[in-house]
Amino acid sequence: MSAKIIDGKVFAASIREKVSTYVAKIKEEHGITPGLAVILVGDKDPASEIYVRNKGKQTVEVGMNSFEHKLSGDTSEEDLLKLIDELNNDASVHGILCQLPLPDHLNEDLVINAIAPDKDVDGFHISNVGLLNTGQKSMVPCTPLGCLMMLRDHHGSLSGLNAVVVGRSNIVGKPVANLLLNDSCTVTIAHSRTKNIEALCAAADIVVAAVGRPEMIKADWIKEGATVIDVGINRIPAPERGDGKMRLVGDVDFASVSQKAGAITPVPGGVGPMTIACLLANTVTACYRVNGLVEPKGLTV
Ligand code: GUN
C-alpha cells in the first residue's frame, strides 16, 4: 500500500492565509501592524542569506512589516546585544529572530537569551524552553510546531500513540518530543547511541526523523501504516542529473518507506515550507499577546 503524502506546501499556504487574515484584523481594528526583525551576522552558513531573504519576502506577503539587520561577520558581541536591546524596546517589533549559526566568536546561548522571551519567535530562549517543558503557554519553535500541526491534522487526537523522535537537538528533537508528550503520546527520543533503534522505530505509530543523515530510515524500521515526519534536509550528489549536480533528500528513504507507512511528508515539500509559515504564525501570535488581545486560533498549540 502506498502512503498518503502530507503536502507541506498546501498546509503552509493555509497557515499563511490564516496569518494574513489576523494581520488584516489587527490592522483594521487596532491600527497595529505586526513586525518581524531578522538579524543575520556574517556568512558562516551560505544558506542563511537565502533563508533570511525568504523570511523577509513572506513576512511582507502576509501584510506584516519586515526589518532586516545584516551585520558584518566581525560584529562584536556588545554591538549585537545593543541591537537586540533596541529591538526588545521597539514597540513596532513583535518578533525577533537571530539567524543561526553565528560566527564562532559570538556566544549563541548568550545572544538568544538576550531576546525578550515574548518576542522570541524562534522559541529558543531558555524561559520558552522551560515553559514548553512544563506544558505552559510559550513561544513554540517553528519546525516542531509545523510537525505537530501536520500530525494533529492527520490523526485528530494523538493521545496514547507511541512516538519515536530520532534526533535530540535543541532546535527540533527535544521540542518535538515535548510537544508530543504534551499531546499525551508515549515518547521515546532515539539518537546515535540508541541500541536497537530499528526495532524501536518499528514499534512506533509516529516516527519523527531529525538527525541530518541522508535516507537513514529504511522501510524495515517502520510499522505498517505508521505516520512518518521527515525533518531532514540533506544535499547529496545527483550524478544522474549531470556533472556536479545535487539533490535534496530527507532522513527517510522515501522510495521504500512510502510503500509501507500510512502517511509521510516528502522532501522537499513536507516540513520545510512549514517552518517559515510557523515563524509568521508565531509573530502574529506574539503581536496579539503583547497587545492583550485574544490570540489567533489555530496558529499555535
Ligand atoms: N538556522 C537554521 N534553522 C534555524 C532556525 O529555525 N532559527 C534560526 N534562528 N536559525 C536557524
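A short tour of the structure in this document, coming up. (Residues numbered from 1 in each chain as written. Predicted model: local features only at pLDDT ≥ 70, side-chain atom pairs only at ≥ 80, totals over all residues. Heavy atoms only, no water.)

Overview of the overall build of the protein
Here is step 1: Secondary structure assignment for the protein yields 10 helices and 11 strands.
Here is step 2: Relative to its length of 301 residues, the protein is compact, with a C-alpha radius of gyration of 19 Å against a globular reference of 19 Å.
Here is step 3: Across its three principal axes, the protein shows a C-alpha extent of roughly 50 × 45 × 35 Å.
Here is step 4: In the protein, buried positions account for 49% of the 301 residues.
Here is step 5: For the protein, long-range pairs separated by at least 24 residues make up 68% of all intrachain contacts whose partners lie at least 6 apart in sequence.
Here is step 6: Total accessible area on the protein is roughly 13900 Å²; 51% of this is exposed by carbon and sulfur atoms.
Here is step 7: For the protein, the distance from the average position of its 29 positive side-chain charges to the average position of its 35 negative side-chain charges is 5 Å. (Helix = DSSP H or I, 4+ residues; strand = E, 2+ residues; numbered from the N terminus. Rg over C-alpha atoms; globule rule 2.2 N^0.38 Å. Buried < 20%, exposed > 50% of the residue type's maximum accessible area, 1.4 Å probe, protein only. Contact = heavy atoms within 4.5 Å. Areas by Shrake-Rupley, 256 points an atom, 1.4 Å probe, with all protein chains shown as cover. Lys, Arg positive; Asp, Glu negative; His and termini not counted. Charge placed at Lys NZ, Arg CZ, Asp CG, Glu CD.)

Some details on the packing of helix α1 (residues 8-30) against helix α10 (residues 272-290)
Here is step 1: Taken N-terminus to C-terminus, the directions of α1 and α10 make an angle of 20°; their axes are 9 Å apart at the nearest point. It follows that α1 is roughly parallel to α10 by the angle criterion. The crossing of α1 and α10 is left-handed. Counting all contacts with α1, which are made through Gly8, Lys9, Phe11, Ala12, Ile15, Arg16, Val19, Tyr22, Val23, Lys25 and Ile26, the residues of α10 involved are Pro273, Met274, Ala277, Cys278, Leu280, Ala281, Val284, Cys287 and Tyr288.
Here is step 2: Looking at the contact of α1 with α10, its residues break down into 16 nonpolar, one polar and three charged. (Axes fitted to C-alpha atoms, helices over the stretch in contact; angles between N-to-C directions. Parallel < 35°, antiparallel > 145°, perpendicular 65-115°, else oblique. Left-handed = near helix turned anticlockwise from the far one by under 90°. Nonpolar A, V, L, I, M, F, W, Y, C, P; charged D, E, K, R; others polar.)

Remarks on empty space enclosed by the protein
Here is step 1: All told, the structure shown has one cavity of 30 Å³ or more when counted by the stated rule.
Here is step 2: Estimates place the volume of the largest cavity at around 40 Å³.
Here is step 3: Forming the walls of the largest cavity are Ile96, Leu97, Cys98, Leu100, Ile112, Ile115, Asp120, Asp122 and Phe124.
Here is step 4: The greatest single-element share of the lining of the largest cavity, amounting to three residues, is contributed by strand β4 (residues 95-98).
Here is step 5: Its residues placed into classes, the lining of the largest cavity shows seven nonpolar, no polar and two charged. (1 Å grid on protein atoms, 1.4 Å probe; cavity = no way out; pocket = protein on both sides within 12 Å on 5 of 7 lines; lining within 4 Å. Points joined across faces, edges and corners; volume = space filled by probe spheres on them.)

Description of the packing of aromatic side chains
Here is step 1: Taken as a whole, this structure holds one aromatic pair when the rule is applied.
Here is step 2: A ring pair is formed by Tyr22 and Tyr288, whose centres lie 5.8 Å apart and whose planes are at 85°; its orientation type is edge-to-face. On the criterion of sequence distance, the pair formed by Tyr22 in helix α1 and Tyr288 in helix α10 is long-range, its members being 266 residues apart.
Here is step 3: Judged by relative accessible area, Tyr288 falls into the buried class, the value being 3%. (Phe/Tyr/Trp six-rings, centres within 6.5 Å; stacked < 30°, edge-to-face > 60°.)

Let's talk about the pattern of salt bridges
Here is step 1: Summed over the entire model, instances satisfying the criterion amount to 10 salt bridges.
Here is step 2: As a salt-bridge pair, Lys25 and Glu29 come within 3.3 Å of each other at their nearest N and O atoms. Taken as a pair, Lys25 and Glu29 lie in helix α1 at a separation of four residues, close to a single helical turn.
Here is step 3: Residue Glu29 is classed as partly exposed on the basis of its relative accessible area of 49%.
Here is step 4: Residue Arg289 is joined to Glu295 by a salt bridge in which the shortest nitrogen-to-oxygen separation is 2.7 Å.
Here is step 5: On the basis of relative accessibility, which here comes to 23%, the residue Arg289 falls in the partly exposed class. (Salt bridge = Lys/Arg side-chain N within 4 Å of Asp/Glu carboxyl O.)

Let's talk about the layout of surface pockets
Here is step 1: Looking at the largest pocket, its volume works out to about 1400 Å³.
Here is step 2: Every residue lining the largest pocket is counted, 44 residues in all, and those nearest its centre are Tyr51, Thr143, Ile233, Gly272 and Thr275.
Here is step 3: Secondary structure elements with two or more residues in the lining of the largest pocket: α2 (47-61), β4, α6 (142-155), β9 (234-237) and α10.
Here is step 4: With six residues, the single largest contributor to the lining of the largest pocket is α2.
Here is step 5: Across the lining of the largest pocket, the residue classes tally to 25 nonpolar, 12 polar and seven charged.
Here is step 6: Approximately 400 Å³ is the volume found for the second largest pocket.
Here is step 7: In terms of lining residues, the second largest pocket is bounded by 17 residues, among which Asp109, Phe124, Val129, Asn170 and Ile171 are the most central.
Here is step 8: Considering each element in turn, the lining of the second largest pocket owes the most residues, four residues, to helix α5 (residues 126-133).
Here is step 9: Looking at side-chain class alone, the lining of the second largest pocket contains nine nonpolar, five polar and three charged residues.

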